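# Understanding the architecture of this molecule
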Amino acid sequence: MRPLITTLALAASLALGLPAQADGVHLHDHKCSFGTDYDVQVQPGGITFDRDDGTPGRVFMHDGTLRVDGRAVAVSAGDAARLREYEGQVRRLLPEVAAIAREGVGIGFDALTTVVATFADEPAERSRLTAELNAQHRQALASVDNGLGQGVWRKHSVEDLMDHQVGDAISTLVGTVTAKAVKAALSGDQSQVAALEARADSLDKAIDKEVDARADKLGERADALCPQLARLDQLQQQFEFRLKDGSRLALVDRQEHDNEASAKTKPGTR
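As the structure is a computational prediction, the values presented were derived from the model and not from experiment.

### Observations regarding the environment of Ala-142
- Note on placement: Ala-142 falls in helix H3 (residues 123-146).
- A relative accessible area of 32% means that Ala-142 is categorised as partly exposed.
- Distance from Ala-142 to Arg-102, taken between C-alpha atoms, is 9.4 Å for residues 40 residues apart in sequence.

### Digging into the sheet that holds strand E4 (residues 39-43)
- Taken in spatial order, the 6 strands of this open sheet run E8-E7-E6-E5-E4-E9, and their pairing is antiparallel. Strand pairing shows two members of the sheet lacking a second neighbour, strand E8 (71-72) and strand E9 (152-153), which therefore form its edges.
- Bridging between E4 and strand E5 (residues 46-50) involves 5 bridges; their strand directions are antiparallel. What sits directly across from Asp-39, in E5, is Asp-50.
- Strands in contact with helix H2 (residues 77-119) are E4, E5, strand E6 (58-62), strand E7 (65-68) and E9; relative to E5, the strand with the most contacts, it is inclined by about 80°.

### Comments concerning the side chain of Gln-236
- Mapped onto the secondary structure, Gln-236 falls in helix H6 (residues 226-238).
- Here Gln-236 falls in the buried class, since its relative accessible area comes to 0%.
- Here the side chain of Gln-236 touches Val-252 through a polar contact of 2.8 Å, landing on its backbone nitrogen.

### Observations regarding the packing of aromatic side chains
- With the rule as written, the count across this model stands at 4 aromatic pairs.
- For the pair Phe-49 and Tyr-86, a centre-to-centre distance of 6.5 Å together with 70° between the ring planes defines the contact as edge-to-face. One end of the pair, Phe-49, is in strand E5; the other, Tyr-86, is in helix H2, with 37 residues separating them in the sequence. As far as the burial class goes, Phe-49 and Tyr-86 line up, both buried.
- An aromatic cluster of three or more residues is present, and its members are Tyr-38, Phe-49, Tyr-86, Phe-239 and Phe-241.

### Considering the pairing of E7
- Because side chains alternate across E7, one face comprises the buried residues Leu-66 and Val-68, and the other comprises Thr-65 and Arg-67, none of which is buried.
- Here E6 pairs with E7 via 4 bridges, running antiparallel. Note on E7: the bridge partner recorded for His-62 is Thr-65.
- Turn length for the E7-E8 hairpin, with the two strands adjacent in sequence and antiparallel, is 2 residues, and the turn residue Asp-69 shows positive phi of about 50°.

### Quick look at unusual backbone geometry
- Look at the link from Thr-55 to Pro-56: it is a cis peptide, with omega at -5°.
- The topology assignment puts Pro-56 in the loop between E5 and E6.
- A positive phi is found at Asp-63, a non-glycine position, where the angle reads about 50°.
- Within the secondary structure, Asp-63 is located in the loop between E6 and E7.
- Notably, Asp-69 is not glycine yet its phi reads approximately 50°, a positive angle.
- Mapped onto the elements of the fold, Asp-69 is located in the loop between E7 and E8.

### A few points about the nonpolar core
- One finds Phe-49, Met-61, Leu-66, Tyr-86, Val-90, Leu-249 and Leu-251 to be the most contacted residues of the largest nonpolar core, which totals 49 residues.
- Beyond its immediate sequence surroundings of up to four residues, Leu-66 is in contact with Val-59, Phe-60, Met-61, Arg-71, Ala-72, Val-73, Leu-83, Phe-241 and Leu-249.

### Brief notes about the packing of H2 against H3
- Interaxial distance between H2 and H3 falls to 10 Å at its minimum, and their mutual angle equals 170°. Regarding the angle of H2 to H3, the classification is roughly antiparallel. Residues Ala-98, Ala-101, Arg-102, Val-105, Gly-106, Phe-109, Leu-112, Thr-113, Val-116 and Ala-117 of H2 touch H3, and the partners they reach there are Arg-126, Leu-129, Thr-130, Leu-133, Gln-136, His-137, Ala-140, Leu-141, Val-144 and Asp-145.
- Residue composition of the contact of H2 with H3, grouped by class: 12 nonpolar, 5 polar and 3 charged.

### Points about the side chain of Asp-79
- Locating Asp-79 in the fold gives a position in helix H2.
- Setting aside residues up to four positions removed in sequence, Asp-79 forms contacts with Gln-238, Phe-239, Glu-240 and Phe-241.

### What to know about H3
- The first and last C-alpha atoms of H3 sit 34 Å apart over 24 residues, in line with the 34 Å expected at 1.5 Å per residue.
- Taken as a whole, H3 has its buried residues at Glu-125, Leu-129, Leu-133, Gln-136, His-137, Ala-140, Leu-141 and Val-144.

Reading guide: rules and limits
- Residues numbered from 1 in each chain as written.
- Predicted model: local features only at pLDDT ≥ 70, side-chain atom pairs only at ≥ 80, totals over all residues.
- Heavy atoms only, no water.
- Helix = DSSP H or I, 4+ residues; strand = E, 2+ residues; numbered from the N terminus.
- Buried < 20%, exposed > 50% of the residue type's maximum accessible area, 1.4 Å probe, protein only.
- Pairing = 2+ DSSP bridges.
- Contact = heavy atoms within 4.5 Å.
- Axes fitted to C-alpha atoms, helices over the stretch in contact; angles between N-to-C directions.
- Polar contact = N/O pair within 3.5 Å; in protein donor to acceptor, adjacent residues only side chain to side chain.
- Phe/Tyr/Trp six-rings, centres within 6.5 Å; stacked < 30°, edge-to-face > 60°.
- Core = buried A, V, L, I, M, F, W, Y, C linked by side-chain atoms within 4.5 Å.
- Parallel < 35°, antiparallel > 145°, perpendicular 65-115°, else oblique.
- Nonpolar A, V, L, I, M, F, W, Y, C, P; charged D, E, K, R; others polar.
- Expected span 1.5 Å × (residues − 1).

Below, the structure is given as structure tokens:
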């Protein structure tokens, strides 16, 4: 049953919408990995970065002006231009992240629907599971649309999506398929076991054909965000103003990878 387990794992990761973790966006290419400790809200009148822990806790920027923890920060003409570019980059970035998230959710639920088509024998069971998946798919898309689609990035939004919509869908299917596998094994009927294994093999091929190519393209689309994220990091390093502790403002962190270990670049080391 290895192909089935692999497929469910693939569906779970795809349904996240984007290679991501709770603390930021982590792209496919380990040479280009960025994270943020902030929740981000993009509005017509400015962009707000908020976090519960750490200093600064709240940063607001708009049209070249900056406020840090409620205090206006005097900036040079050069920094005003950099802040405008930074704001523009974030405004362009979030809609693309939202689009990638929507596509990822679609790929993930399509994979799960393929699982249903492969393993649900009875028409009534197939209809019930498909209806449940469709409802969970709509809920997942609504979560993306009401969050990223509205210009809001929250650190735990991906975790919540996984735990609620995606996690529930996968749990339902795992329970259904596991029950079939156990029933076949306990029956002692090798033909049933062989038939179930054949379905798993068929599922593996279907996923290869229908999902993998889309997933690869989605990964490439996510990787294409790298230059925008790298530009944000570059702008941060070019800021002339300093925070109260003498450090540069660092809203996005570049995360270096060394084999399996990764370490965040600390703002004070810039």
